[in-house]
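# A closer look at the structure
These are the residues of each chain, in order.
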Protein chains: 2
Amino acid sequence: MATLADIAAKAGVSKATASRVLSGKTGVPVSPETVARIRQAAAEAGYTPNRLAAALATGRTNMIAVLLPVLDRPYYSAIIGHIERLARADGYELLITCVRPGSDLRRLAALPADGCILCELYGVGEPIIAAMQKRGAVVGLSGQTHSTMDSVVFDMDSAVADAIGHMVEQGCRRIGYLTVPPTIRPEYPRWHGYQKVLGERGMEPLPLLIDAERRNLARDRIIEALEQYPDMDGLFCHTDHLALGAMRGIVDSGRRVPEDITVAGCDNTEEGEFCEPPLSTISLPLGPMCEHAWRLIRRRLCEPEAPVEHLSLPATFVVRRSTLRHSHQTHAPSAQRALTGTNHSKGGTP
Amino acid sequence: MATLADIAAKAGVSKATASRVLSGKTGVPVSPETVARIRQAAAEAGYTPNRLAAALATGRTNMIAVLLPVLDRPYYSAIIGHIERLARADGYELLITCVRPGSDLRRLAALPADGCILCELYGVGEPIIAAMQKRGAVVGLSGQTHSTMDSVVFDMDSAVADAIGHMVEQGCRRIGYLTVPPTIRPEYPRWHGYQKVLGERGMEPLPLLIDAERRNLARDRIIEALEQYPDMDGLFCHTDHLALGAMRGIVDSGRRVPEDITVAGCDNTEEGEFCEPPLSTISLPLGPMCEHAWRLIRRRLCEPEAPVEHLSLPATFVVRRSTLRHSHQTHAPSAQRALTGTNHSKGGTP
DNA sequence: TTTAATCGTACCGGTGTTCAC
DNA sequence: GGTGAACACCGGTACGATTAA
């Protein structure tokens, strides 16, 4: 591999001059003739600057780490897809890694990145935030907020209220909530909203828990639950992913969706849109969320001392056939209900 | 951030000794007492070695680049998930990036990685392979093979033959193939197999093309095709992803799957397993494939001159309800048909 | 002279400041 | 003042030199 020194030698100039020309630094003038000589030498040798050396010298790697709980879920891969596009447009590379509760903090802190995007790290966030902030910009995405960290989250309250309200309108009187254990806590907006709305209507929460966010577990649990709670006539699921497993279980039990039991999910994955029956769900503006997160991380890279910014984007409940008991227009395009919940707050404790 | 020099100073030793101790080099002996002093100094300072500096000095980054055509598709995110697990177990980080035909080769060649995994890069492969091989180990995954590159691919021929054969057995006489244009070429095993089997049975290929691998396009195309070819009674799709869009279109057109038209896909995604009706598909051993790819890349990192190795893993056709016209056991677990196609060849032209 | 233990220092490949013509 | 060379960094690694027993 040709190095800068090689190019400089070939062009008969010093490394300094070659560097100035090839990295496009203005400021110090270089004669057009020298520029041409250096450019040509570089082109002939197929010179590519070594990112590592540049990073070591400047302290900027032009890489961003993305930390997620899992990778092989459409919701997260959609996020990665968005961020990758944004990153590339700005000349950044992405280091992608999963974080589980037992993950090695030291390893994460040593990632060669200028900053990092923490995605949905409810359970493991605290120490990671501290560790990562010592090394660069940190932005929280679609998870817990934290007073010292920029973040973009969803405001689910009214969307969940819409969902439950809609199910009640459709005649549901016993609405379960299928999820994994850590999410049955007040800081999880979905659970919070579900519980609140049920309380307001004098209904009892019915949490159905499974050990991991896996479809077959959702299916098995729902089959069990249908025997355990024969009066259950509605099911709200923490994610579309779980809802799809649940729908499978409901059909396998010989029940019908939505006639016997209505099902709603959350995330508005493409899969829910295309399944049979199409799944009612809470739609999250993933694209805008990622764009804001990217904007925030770039801002903090430029101005490390900028005030902390928290953004909350509105979520929307989308009605499809899986919760529509009354109007059976099989071939109609998906009905869609009003958007709700807007909240745009700034500020925090740096 | 504490540097090695800081630690060395604190422990009263030279950088050399500190480096030897902290990077766990054996070979040269260090007194237990010195080791303890250095370790303690490092612990107290919360020392984390700078990967960039180490990489610059050793020439090894302990990072692997993963190049894929897109990210937000379950098939690819499953691959990323597998590789991430393998990489982490070996202490590697992953640089993940999309490659489209117009991608900047220079940028890819400059990725700070010891090697790279090329995933499904049929159209853009040639120049990238050459560029990447100059910089490190390269392994092809689930795509075209190349004489100078280790690769792991699937042997689809017999699985496709099984799929088409099965559809014919179920009474299908006009079987379409839904896909995107670049895959209608002999080097794509699915198309190759489809065409071959149809030819053997005296049937005409019926390619249905869409511009991009998107579900809504699949849905729209199939709605159109059902009018255009009213006798079409079977549909083989390049991926499950397309098959799911097609199924949506078929149902939206008022037809039934599998009674009016059978549908099969490829990839065996979880989504196809859980949708209604469950989708017959070609199952690809993604886990083993990724493990082989990882083994190959690590091998080549150790022995750059090792002979090129090409692996071909068997694919299996899995029968589910979307192609089962005759046996209507709605609640039975998925039927499964025999595995076929084994081929394990080594060697090549380095 | 050998051997254990440690040090000094030239790298790796860039960046950016200082200084000379 | 316009050009460009010299050189000290960034934070590690690794090899030869050095010391003491």
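## What about the overall build of chain A?
Counting its secondary structure elements, chain A contains 13 helices and twelve strands. The C-alpha radius of gyration of chain A comes to 26 Å, more than 25% above the 20 Å expected for a compact globule of 350 residues. In terms of overall dimensions, chain A has a C-alpha envelope of 85 × 45 × 35 Å along the principal axes. The buried share of chain A, taken over its 350 residues, is 47%. Here the contacts in chain A between residues at least 6 apart in sequence split such that 69% fall between residues at least 24 apart.

## Observations regarding the protein's contact with DNA strand D
Looking at DNA strand D, there are 25 residues lining it, with Ser14 and Ala16 of chain A together with Leu4, Ala53 and Ala57 of chain B nearest. Of all the secondary-structure elements, those providing two or more residues to the surface near DNA strand D are helix 2 (15–22) and helix 4 (51–58) of chain A together with helix 2 (15–22) and helix 4 (51–58) of chain B. Tallying contributions element by element places helix 4 of chain B first for the surface near DNA strand D, with five residues. Tallied by class, residues from the surface near DNA strand D come to 14 nonpolar, nine polar and two charged.

## Some thoughts on the relation of the copies chain B and chain A
The second copy of the chain is related to the first by a rotation about an axis and a shift along the axis. At an RMSD of 0.1 Å, chain B and chain A line up after a rotation of 180° and a shift of 0.0 Å along the axis. The superposition operator between the copies reduces to a two-fold rotation axis. Relative to the rotation axis, the closest C-alpha in chain B is found at leucine 95 of chain B, a distance of 2.4 Å. When you check the interface residues of chain B against chain A, 100% turn up at the interface there too, and the contact is symmetric in its surfaces.

## Side note on the pairing of strand 5 (residues 150–155) of chain A
Residues and elements named next belong to chain A. Among the six residues that make up strand 5, five are buried, leaving the element largely enclosed by the rest of the structure. Where strand 4 (residues 137–141) meets strand 5, three bridges bridge the pair, whose relative direction is parallel. If you follow leucine 141 over to strand 5, its bridge partner there is valine 152. Both strand 5 and strand 11 (residues 310–314) contribute to a ladder of five bridges, which runs parallel. Residue pairing for strand 11: valine 152 is matched across the bridge by leucine 311.

## Focus: the environment of tryptophan 191 of chain A
All names here are of chain A. Mapping tryptophan 191 onto the fold places it in helix 9 (residues 189–200). Taking the C-alpha atoms as reference, tryptophan 191 lies 8.2 Å from tyrosine 177; in sequence the two are 14 residues apart. Every residue in contact with tryptophan 191, bar those within four places of it in the chain, is listed here: Tyr177, Thr183, Ile184 and Arg185.

## Overview of the interface of chain B and chain A
Contacts between the two partners involve 39 residues from chain B, matched on the other side by 39 residues from chain A. Elements supplying a minimum of two residues to the side of chain B that touches chain A: helix 4, helix 5 (74–89), strand 2 (93–98), helix 6 (105–109), helix 11 (240–252) and helix 12 (270–274) of chain B. Of the residues belonging to the side of chain B that touches chain A, the class tally is 21 nonpolar, seven polar and eleven charged.

## Considering the sheet that holds strand 8 (residues 234–237) of chain B
Residue and element names in this part refer to chain B. The mixed open sheet is built from six strands, whose spatial order is 7-6-8-9-10-12. Either end of the sheet is taken by a strand with one partner, and the two such strands are strand 7 (206–209) and strand 12 (316–318). Sheet twist, expressed as the average angle between the axes of neighbouring strands with direction ignored, equals 20°. Pairing geometry for strand 9 (residues 262–266) and strand 10 (residues 280–283), over three bridges, is parallel. Paired with alanine 264 across the strands is serine 280, a residue of strand 10. Contacts from helix 8 (residues 157–169) reach strand 6 (175–179), strand 8, strand 9, strand 10 and strand 12, with the element oriented near 30° to strand 12.

## Let's talk about the protein's contact with DNA strand C
In the region of DNA strand C, 26 residues are neighbours, and Leu4, Ala53 and Ala57 of chain A together with Ala16 and Pro29 of chain B sit closest. Of all the secondary structure elements, the ones that give two or more residues to the surface near DNA strand C are helix 2 and helix 4 of chain A together with helix 2 and helix 4 of chain B. Considering only residue class, the surface near DNA strand C consists of 14 nonpolar, nine polar and three charged.

## Notes on the packing of helix 2 of chain A against helix 3 (residues 32–45) of chain A
Residues and elements named next belong to chain A. At a closest axis distance of 10 Å, the pairing of helix 2 and helix 3 adopts a crossing angle of 85°. By the angle class used here, helix 2 and helix 3 are roughly perpendicular. Contacts from Thr17, Ala18, Val21 and Leu22 in helix 2 reach Thr34, Val35, Ile38, Arg39 and Ala42 in helix 3. In terms of residue class, the contact of helix 2 with helix 3 is built from six nonpolar, two polar and one charged.

## Considerations on the sheet that holds strand 10 (residues 280–283) of chain A
Residue and element names in this part refer to chain A. If you trace the six strands from one edge of the open sheet to the other, you get 7-6-8-9-10-12, paired in mixed fashion. Of all the strands in the sheet, just strand 7 (206–209) and strand 12 (316–318) have a single pairing partner and so form its edges. Across the sheet, the axes of successive neighbouring strands diverge by a mean angle of 20°, strand direction being ignored. Judged from the three bridges that link them, strand 8 (residues 234–237) and strand 9 (residues 262–267) form a sheet pairing that is parallel. The partner of phenylalanine 236 across the bridge, within strand 9, is alanine 264. Seen against the sheet, helix 10 (residues 215–228) touches strand 6 (175–179) and strand 7 and runs at an angle of roughly 150° to strand 6.

## Topic: helix 5 of chain B
Residue and element names in this part refer to chain B. Taking 1.5 Å of rise per residue, 16 residues should cover 22 Å, and helix 5 covers 23 Å from first to last C-alpha, within 8% of that figure. Burial runs high along helix 5: twelve of the 16 residues are buried. Listing the buried residues of helix 5 in full gives Pro74, Tyr75, Tyr76, Ser77, Ala78, Ile79, Ile80, Gly81, His82, Ile83, Glu84 and Ala87. Positioned one or two residues after helix 5, glycine 91 has a phi angle of 80°, which is positive.

## Some thoughts on the packing of helix 5 (residues 74–89) of chain A against helix 13 (residues 286–302) of chain A
Residue and element names in this part refer to chain A. The N-to-C vectors of helix 5 and helix 13 enclose an angle of 45°; their axes lie 9 Å apart at closest approach. One element, helix 5, and the other, helix 13, form an angle in the oblique class. Seen from above, helix 5 lies across helix 13 with right-handed handedness. Contact with helix 5, carried on its side by Ala78, Ile79, His82, Ile83 and Leu86, involves Leu286, Gly287, Cys290, Glu291 and Trp294 of helix 13 and no other residues of that element. A class-by-class count of the residues in the contact of helix 5 with helix 13 yields seven nonpolar, two polar and one charged.

## Describing the confidence of the model for chain A
Any segment with low pLDDT has predicted coordinates that should not be analysed in fine detail. Across chain A, pLDDT averages 89, with 92% of residues at or above 70. Scored below 50 in pLDDT, residues 328–350 of chain A shows 42 contacts in the model against residues more than four places distant or in partner chains.

## What about the pairing of strand 2 of chain B?
Residues and elements named next belong to chain B. Of all the six residues making up strand 2, five are buried; the element is thus mostly covered by neighbouring parts of the structure. By the bridge criterion, six bridges tie strand 1 (residues 63–68) to strand 2 in an arrangement that is parallel. Each bridged residue has a counterpart across the sheet, and for leucine 67 the counterpart in strand 2 is threonine 97. Handedness of the crossover is the feature at issue here: the chain leaves strand 1, passes through helix 5, returns alongside strand 2, and the resulting connection is right-handed.

Criteria and cut-off values
Residues numbered from 1 in each chain as written. Chains lettered and ligands numbered in written order. Predicted model: local features only at pLDDT ≥ 70, side-chain atom pairs only at ≥ 80, totals over all residues. Helix = DSSP H or I, 4+ residues; strand = E, 2+ residues; numbered from the N terminus. Rg over C-alpha atoms; globule rule 2.2 N^0.38 Å. Buried ≥ 20, exposed ≤ 12 C-beta atoms within 10 Å, placed from the backbone. Contact = placed C-beta atoms within 7 Å. Near = placed C-beta within 6 Å. Nonpolar A, V, L, I, M, F, W, Y, C, P; charged D, E, K, R; others polar. Least-squares fit on C-alpha atoms with pLDDT ≥ 70 in both. Pairing = 2+ DSSP bridges. Axes fitted to C-alpha atoms, helices over the stretch in contact; angles between N-to-C directions. Parallel < 35°, antiparallel > 145°, perpendicular 65-115°, else oblique. Expected span 1.5 Å × (residues − 1). Left-handed = near helix turned anticlockwise from the far one by under 90°. pLDDT = per-residue confidence, 0-100. Right-handed = clockwise from strand over helix to strand, strands pointing away.

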